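For reference, the chains in residue letters:
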Amino acid sequence: MLWLTMGPLMRQTWTVLGVLLNMLGQGMVLSYTSCLLPALQAPDSDIKIDIHTASWIASCIAISGFGGFSVSSVLMDVIGRKKAHAVVLIPGIIGWVLISLAQNVYTIVIGRLLGGFTASATVCLGAVVIGEYSSPTNRGTFLNLKTAAVCFGNMGIHVLGNFYNWRTNALIGTIPHLLSFAIIMTWPESPSWLASKSQFEESRKSFEWLRGTDDAARREFEELIRAQKERLAEKPEKTSIKMEIRDFFQKFTRRDFVKPLLIVIFSSALLETCGRHIFPAYALQIITEVTGTKSNSFYYTLAIDIIITSSALFSSVLVKLMKRRTLLLGTGAAAYVVLMAVCSYLFVADRGWITSRTWIPLSIFVLYFILANLGCTPIPLALLGEVFPLRHRAAGSLAAGFIMCLMLMFPLQVTPYLLTSIKVYGTFFFFGTLMGLALLVLYFILPETKDRTLQEIEDYFNNGRFKEHTDDAAHTKMLSNKAEI
């Protein structure tokens, strides 16, 4: 097989491609309502819906998300990352097929629920896979590419929606999941998961296949094995369901669980309030109100999609050059200022205090989405694969999943009502205010994780500081002694 002759970087890239294809499919799930709802609300639609039904069709993916996060969190710990990722793709494929054959609203909702299950199940799982399968130097880029893949999915649905009907688009939506499934079958199991199950020799083989055998890789693997042997030595030989439940709730008293969870809570709030999922789901409605016409809405939406996707790709380059924390807070603060500016312009134009020029708010929105997609959307998703220690990774994914489902459901549920009652400027002002608060909190609690191994990040949450390698310290001391001589 071709992948058996690949170098470590190509093997990591091949592995990550399986996740990215699934993320592309996830973007199609999130944006599908932009072509589905207008079609169902059209006078000649064979399936009739009102605004309340439309709201539930859009937001129901968050409801099934609770199940998706729960199941994937259990499966990733019990059967491993590879098998779990393959299993949770199946409901999404079935969901798309059901939607394409739907004859009533109930079938569409069931299909959306299944799609939401798969989308949510792979949010944390995909981040964990990338975090554990890729090297520290590549991890940031790969994690940021998740967002770029979702953006491609968003754009793909908006384009397909202009040329094909919603049933055809549903069938096309199965393609990324099927390709992802095929690639997953070629993966080795995660070295971290194998080590956590005391399968140290298998873990070594998997790690070397993915990372090679250079000094940095060897040292990282030794640290992983050391930490897992220490953890396993502390673990009781026999456990019961009662002990497992008690252990789960005791995690909420541990520093190395609570602080990462707080980071996930506020980074998820930032992700949702910056419009990451609001705009793709209601893109045509938002653009139509801003421009005052439906005739060119598709082209405006497509232009913004291209810009958003390009920004997400550029962010994958920036994350190699800049510190992650600096990129998030810097672009986030700038995006917040720009968002308030466009809301203010739309407000005064709506009041008739100035003559509205369509290109002005559209240009400002373009600038806003560029800034937001450089940091506010990719980095929160990247943090899911980095901040939870290995011993808490399954439980952390479960807790993070419930939080992210609530964060996703709220904006998708209320946005149709906000757009109707307080228009686009009021809607984005509301979410922008929450976005500013999330950025403020992250300023105080978010550490810098760039180029840190997962074990170093774990040590940080245990000790409150990053632990430097002994070899590095000795090397530095040797250089210092030579300089003195």
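This text follows the structure it describes.
Residues numbered from 1 in each chain as written. Predicted model: local features only at pLDDT ≥ 70, side-chain atom pairs only at ≥ 80, totals over all residues. Heavy atoms only, no water.

Asks: Break down the overall build of the protein chain for me, citing the residues and quoting the values.
Replies: For the protein chain, the helix and strand inventory stands at 23 helices and zero strands. For a compact globule of 485 residues, the expected C-alpha radius of gyration is about 23 Å, and the protein chain comes in at 23 Å, within 12% of that figure. Considering only C-alpha atoms, the protein chain reaches an extent of 75 × 55 × 45 Å along its principal axes. Looking at the protein chain as a whole, 57% of its 485 residues qualify as buried. Of all intrachain contacts in the protein chain linking residues separated by at least 6 positions in sequence, the fraction that spans at least 24 positions is 81%. A total of about 20400 Å² of accessible surface is found on the protein chain, and carbon and sulfur atoms cover 66% of it. Across the protein chain, the centroid of the 43 positively charged side chains sits 2 Å from that of the 34 negatively charged ones. (Helix = DSSP H or I, 4+ residues; strand = E, 2+ residues; numbered from the N terminus. Rg over C-alpha atoms; globule rule 2.2 N^0.38 Å. Buried < 20%, exposed > 50% of the residue type's maximum accessible area, 1.4 Å probe, protein only. Contact = heavy atoms within 4.5 Å. Areas by Shrake-Rupley, 256 points an atom, 1.4 Å probe, with all protein chains shown as cover. Lys, Arg positive; Asp, Glu negative; His and termini not counted. Charge placed at Lys NZ, Arg CZ, Asp CG, Glu CD.)

Asks: Residues and numbers for the nonpolar core, please.
Replies: If you look at the biggest cluster of nonpolar residues, it comprises 125 residues, and the most contacted ones within it are Y32, I286, Y368, L384 and M435. In terms of residues, this core owes the most to one element, helix α20 (residues 393–421), which gives 12 residues. (Core = buried A, V, L, I, M, F, W, Y, C linked by side-chain atoms within 4.5 Å.)

Asks: Can you break down the packing of helix α1 (residues 8–31) against helix α10 (residues 200–211) residue by residue, with the values?
Replies: Following both chains from N to C, one finds α1 and α10 inclined at 100°, their axes separated by 6 Å at the closest point. By the angle between their axes, α1 is roughly perpendicular relative to α10. Side by side, α1 and α10 meet where P8, R11, Q12 and T15 of the first sit next to E208, W209, L210 and R211 of the second. A per-class count over the contact of α1 with α10 returns three nonpolar, two polar and three charged. (Axes fitted to C-alpha atoms, helices over the stretch in contact; angles between N-to-C directions. Parallel < 35°, antiparallel > 145°, perpendicular 65-115°, else oblique. Nonpolar A, V, L, I, M, F, W, Y, C, P; charged D, E, K, R; others polar.)

Asks: Break down unusual backbone geometry for me, citing the residues and quoting the values.
Replies: Of note in the backbone geometry, S198 takes a positive phi value of approximately 65° without being a glycine. Position of S198 among the secondary structure elements: in the loop between α9 (191–196) and α10. For S198, a relative accessible area of 41% corresponds to the partly exposed category.

Asks: Lay out the side chain of N169 in plain terms, naming residues and giving numbers.
Replies: Mapping N169 onto the fold places it in helix α7 (residues 166–172). A distance of 3.5 Å separates the side chain of N169 from the backbone oxygen of Y164, its partner in a polar contact. Excluding residues that lie within four positions of it along the chain, N169 makes contacts with Y32, C35, L160, G161 and Y164. (Polar contact = N/O pair within 3.5 Å; in protein donor to acceptor, adjacent residues only side chain to side chain.)

Asks: Help me get a handle on the environment of N154, residues and values and all.
Replies: Mapping N154 onto the fold places it in helix α6 (residues 136–163). By relative accessible area, which is 3% here, N154 ends up buried. Taking the C-alpha atoms as reference points, N154 and A283, 129 residues apart in sequence, are found 9.9 Å from one another. Here the side chain of N154 touches S31 through a polar contact of 2.6 Å, side chain to side chain.

Asks: Quick one: what's the story with the packing of α1 against helix α5 (residues 105–133), residue by residue and with numbers?
Replies: Contact geometry for α1 and α5: axes closest at 9 Å, N-to-C directions at 155°. In terms of orientation, α1 and α5 fall into the roughly antiparallel class. In this structure, α1 meets α5 at a crossing whose hand is left-handed. Residue-level contacts link Q12, T15, V16, V19, N22, M23, Q26 and V29 of α1 to R112, G115, G116, T118, A119, T122, V123, G126, V129, I130 and Y133 of α5. Residue composition of the contact of α1 with α5, grouped by class: nine nonpolar, nine polar and one charged. (Left-handed = near helix turned anticlockwise from the far one by under 90°.)

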